[in-house]
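Secondary and tertiary structure notes
Below are the chains, spelled out letter by letter.
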Protein chains: 2
Amino acid sequence: MTPRSRARNDALARPGRVVLDAMGGDHGPVETVPAAVAARRRFGVPVVLVGRSEEIGAELRRHGSSGEVEVVDARDAVPMTERGARAAARPESSVMVGCELAQGDGGAFVSAGSTGAVVTCAVRALGRREGVLRPALAVALPSLTGTTVLVDAGATADPTAEMVAQFALLGTAYARRVLGVADPSVGLLSLGAEPGKGNRLAREAGRLLPALPVRFHGNVEGHDVLAGTVDVVVTDGFTGNVVLKNIEGNVRTTLELVARAGIAKPARLREVARLYAAETHGGAALLGLSGTVVVAHGSSRAAAIARACRVACDLAADDTRASGDGAGG
Amino acid sequence: MTPRSRARNDALARPGRVVLDAMGGDHGPVETVPAAVAARRRFGVPVVLVGRSEEIGAELRRHGSSGEVEVVDARDAVPMTERGARAAARPESSVMVGCELAQGDGGAFVSAGSTGAVVTCAVRALGRREGVLRPALAVALPSLTGTTVLVDAGATADPTAEMVAQFALLGTAYARRVLGVADPSVGLLSLGAEPGKGNRLAREAGRLLPALPVRFHGNVEGHDVLAGTVDVVVTDGFTGNVVLKNIEGNVRTTLELVARAGIAKPARLREVARLYAAETHGGAALLGLSGTVVVAHGSSRAAAIARACRVACDLAADDTRASGDGAGG
């Protein structure tokens, strides 16, 4: 911890606090500032906004909320196009300053910014939990039978087989906490259900998983994700990210085709669309770190970011109660 | 070409002939035999059935079609669980015998069997076109704007970046022929739209693609596949297979959720479901070989397999007309 961040932390790190990257996402303060106000008013979540204080201040005034939300200045903003390594070299960015602020018990950080930048800064500022090789993003998706956790949804694009196997541990712990499933089943995403089918990475991970303390179901395929075949679907961060966005796109396309066919009214179809919208699931949790980090969709509007703040607050509170979980998410 | 297969070929290889693996798929002759009969009666496609002649004969009798479809005996059948290398060591399997029968101009092979076995046998019996590093499976999917070709949908699980880049050439030639698009746009599937985002493989392929004679759009993401952002979506065979099955599953799940919400009648929703059913798209084409090979879904029923035979027949005829395409699919 740098002296600067320690000073900030002493001032701000109270349990339940959520540090929000004001500059993150496609829309920046225009959406993050009302999100912070909404998180406070609607969900009772105290939010600290981090970013260019004059831009944040202007938005707060526009919403008649000056003084209602705490603001910490960070001069630099990481553009959405920025990738991990370079972002980490920007110590004054809202992402890095925000992660430093979230250090310590009960702290949580939320960003709709570049996933790569958030992962790099979070690992640097918060550190990995003992024994965790790489962090993983987990998303809870509505399935035909309940909810499925997809992990890794994009934190680690090139993991080793050991890392993928460990994502099963992280995902299992997350499913226990978030879904309340006592003994979640875990499937390894691959191109065939039979053991031994897959690319090199999946085949190697498939050999490691039976030895781990998870309820390993075996391989699952692309159609199993939303079918609810298992509670936790494990894959590398590249495939997981493609699948997550594929799901969002496929649901939209299917509903659009239904609407075009005149089978149902678009307004009614929005009920189903909402299930898979960022507004509903409130972002992805970055697992495996000594702290709570939630990554919201880059295109998120205020409602989605407010929900992400609430999810982060709940996770951090839960984390404080169940600390000492090891690789437990 | 072995003397045995040459003898068979002399007898059978006439343009327009489609060799069908009678033993392939989850249901074997129970579905492949009526498929052959239907392909002949409905689409005028002359089919040769390859597999255990007594099982095929029994099914033909059951359908009152004895003598209507040519049968070539192959004693061995590759189980659906079999992977590539071992299958190739089974020279008497219906897949290997079928591929050998499809050698020569105008020949085509169709199987609903294990993709791995079909790819291995097809490469061995038919050979790759000059300059082609690895074959790739192409599937034409209905999108919001027309049709998108996804390639590779599962032939090469661990390609190099050079292979992925070459899939763009194969996919472009296929889109020209099948979609009739003069200058198809190509997107590289990755986890961010910005250049340089991706896992190692995608980043490397992204560096090679601008130098190739394809209309390279840049990176696309999971939600772009059915949005119709580009005509051809290129990826490795692992990700492509997961995405293809993910699409099938997501469409089913979305329609099921619409039906459960009581927004539309299930019967009407089947119109949309049919768009993404194996019956409609008729299987995936294996590109890059000196011959036409179509892989149908393992769960295919007779109607889907019959359609795959028709697609194979059209592709082979087209291929004979436009021969000398090089890596042109």
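Described below are features of the structure shown in this document.

Thresholds applied
Just so you know, the residues in each chain are numbered from 1, in the order the chain's sequence is written. Ligands are numbered from 1 and chains lettered from A, in the order in which they are written. Reporting of local features is limited, given that this is a predicted model, to residues whose pLDDT is at least 70; pairs of side-chain atoms are given and counted only at 80 or more, and all residues count toward the totals for whole chains, interfaces and linings. Think of the side-chain values as coming from all heavy atoms in the structure, minus any hydrogens and water. Think of a nonpolar core as a cluster: buried Ala, Val, Leu, Ile, Met, Phe, Trp, Tyr and Cys residues, connected wherever their side-chain atoms sit within 4.5 Å. Only protein chains enter the accessibility calculation, which uses a 1.4 Å probe. A residue is then buried if its area is under 20% of the maximum for its type, exposed if over 50%, and partly exposed in between. Residue contacts are counted whenever heavy atoms from the two residues lie within 4.5 Å of one another. Any two strands with at least two DSSP-identified bridges between them are counted as paired. A helix here means a DSSP run of H or I that spans at least four residues, while a strand means a run of E at least two residues long, and both kinds are numbered starting from the N terminus. Convention adopted: a line fitted to C-alpha atoms gives each axis, helices being fitted over their contacting stretch, and angles between N-to-C directions are expressed from 0 to 180 degrees. We call two directions roughly parallel when the angle between them is under 35 degrees, roughly antiparallel when it is over 145, roughly perpendicular when it lies between 65 and 115, and oblique otherwise. A clockwise turn of the near helix away from the far one marks a right-handed crossing, whereas an anticlockwise turn of less than a right angle marks a left-handed crossing. Note on residue classes: Ala, Val, Leu, Ile, Met, Phe, Trp, Tyr, Cys and Pro are nonpolar, Asp, Glu, Lys and Arg are charged, and everything else, Gly too, is polar. What counts as buried area is the accessible surface, traced by a 1.4 Å probe, that two parts surrender upon association, with contributions from both included. Salt bridge criterion: a side-chain nitrogen from Lys or Arg within 4 Å of a carboxyl oxygen from Asp or Glu. The term polar contact refers here to a pair of N or O atoms within 3.5 Å; inside protein, the definition further demands a hydrogen-donor-capable atom paired with an acceptor-capable atom, and it admits residues adjacent in sequence only when both atoms are side-chain atoms. For this overlay, a least-squares fit was computed on C-alpha atoms, restricted to residues scoring pLDDT of at least 70 in both copies.

With respect to the nonpolar core
One finds L141(A), V293(A) and L141(B) to be the most contacted residues of the largest nonpolar core, which totals 108 residues. Setting aside its immediate chain neighbours within four residues, L141(A) contacts G146(A), T147(A), T148(A), L150(A), V225(A), L226(A), L244(A), I247(A) and Y276(A).

Concerning the sheet that holds strand 11 (residues 292–295) of chain A
Residue and element names in this part refer to chain A. Spatial strand order, 3-2-1-4-11-10-5-6-9-7-8: 11 strands in an open sheet with mixed pairing. Of all strands in the sheet, those bounded by a partner on one side alone are strand 3 (70–73) and strand 8 (215–220). When the angles between neighbouring strand axes are averaged without regard to direction, this sheet yields 25 degrees. Two elements, strand 1 (residues 18–21) and strand 2 (residues 47–51), share four bridges in a ladder whose sense is parallel. Within the sheet, the bridge partner assigned to D21 lies in strand 2 and is V50.

Re the packing of helix 10 (residues 237–260) of chain A against helix 11 (residues 266–275) of chain B
Helix packing geometry: the angle between the two helix axes and the distance between the axes. Running from amino to carboxyl end, helix 10 of chain A crosses helix 11 of chain B at an angle of 130 degrees, the nearest separation of the two axes being 10 Å. Relative to helix 11 of chain B, the element helix 10 of chain A lies oblique. Along this stretch, helix 10 of chain A crosses helix 11 of chain B, giving a crossing that reads as right-handed. Facing T254(A), L257(A) and V258(A) of helix 10 of chain A, the residues of helix 11 of chain B in contact are L269(B), V272(B) and L275(B). Taken together, the residues that form the contact of helix 10 of chain A with helix 11 of chain B break down as five nonpolar, one polar and no charged.

A word on the interface of chain A and chain B
Across the boundary between the two partners, chain A contributes 56 residues, which contact 56 residues of chain B. Both faces combined, the contact of chain A with chain B buries some 4,700 Å², and carbon together with sulfur accounts for 63% of it. Scanning the region where chain A abuts chain B turns up three salt bridges. The residue D158(B) makes a salt bridge to R200(A) at a minimum N-O spacing of 4.0 Å. For the interface between chain A and chain B, the tally reads 12 residue pairs in polar contact (both at pLDDT 80 or more). With 20 residues, the top contributor of residues to the side of chain A that touches chain B is helix 10 of chain A.

A short note on the sheet that holds strand 8 (residues 215–220) of chain B
Residues and elements named next belong to chain B. Taking strand neighbours across the sheet as the criterion, the 11 strands line up as 3-2-1-4-11-10-5-6-9-7-8 in an open arrangement whose pairing is mixed. The open sheet is flanked by strand 3 (70–73) and strand 8, the only strands paired with a single partner. Between one strand axis and the next, the sheet turns by 25 degrees as a mean value, whatever way the strands run. Here four bridges tie strand 4 (residues 108–111) to strand 11 (residues 292–295), and the two strands are oriented parallel to one another. If you follow A108 over to strand 11, its bridge partner there is T292. Relative to strand 11, helix 6 (residues 115–126) is tilted by about 175 degrees, and along the sheet it contacts strand 4, strand 5 (136–142), strand 10 (284–287) and strand 11.

Topic: the pattern of salt bridges
All names here are of chain A. Under the criterion given, the structure shown has 27 salt bridges over all chains. R17 is paired through a salt bridge with E70; the nearest N and O atoms lie 2.3 Å apart. Here R17, found in the loop between helix 1 (3–12) and strand 1, pairs with E70, found in strand 3; they are 53 residues apart in sequence, far enough to count as distant. Judged by relative accessible area, R17 falls into the buried class, the value being 13%. Where E54 meets R75, a salt bridge forms, and the shortest distance between an N and an O atom there is 3.1 Å. Here the residue E54 occupies a position in helix 3 (residues 53–62), and R75 occupies one in the loop between strand 3 and helix 4 (84–88), the gap between them amounting to 21 residues.

Considerations on the side chain of S65(B)
All names here are of chain B. Examined against the element boundaries, S65 turns out to sit in the loop between helix 3 (53–62) and strand 3. Residue classification places S65 among the buried positions, given a relative accessible area of 1%. In terms of polar contacts, S65 uses its side chain to reach the side chain of R41, at 3.1 Å. Every residue in contact with S65, bar those within four places of it in the chain, is listed here: V37, R41 and L60.

Observations concerning the relation of the copies chain A and chain B
At an RMSD of 0.0 Å, chain A and chain B line up after a rotation of 180 degrees and a shift of 0.0 Å along the axis. One copy is carried onto the other by what is essentially a two-fold rotation axis. An overlap of 100% is found between the interface residues of chain A and their copies at the interface of chain B, pointing to a shared contact surface.

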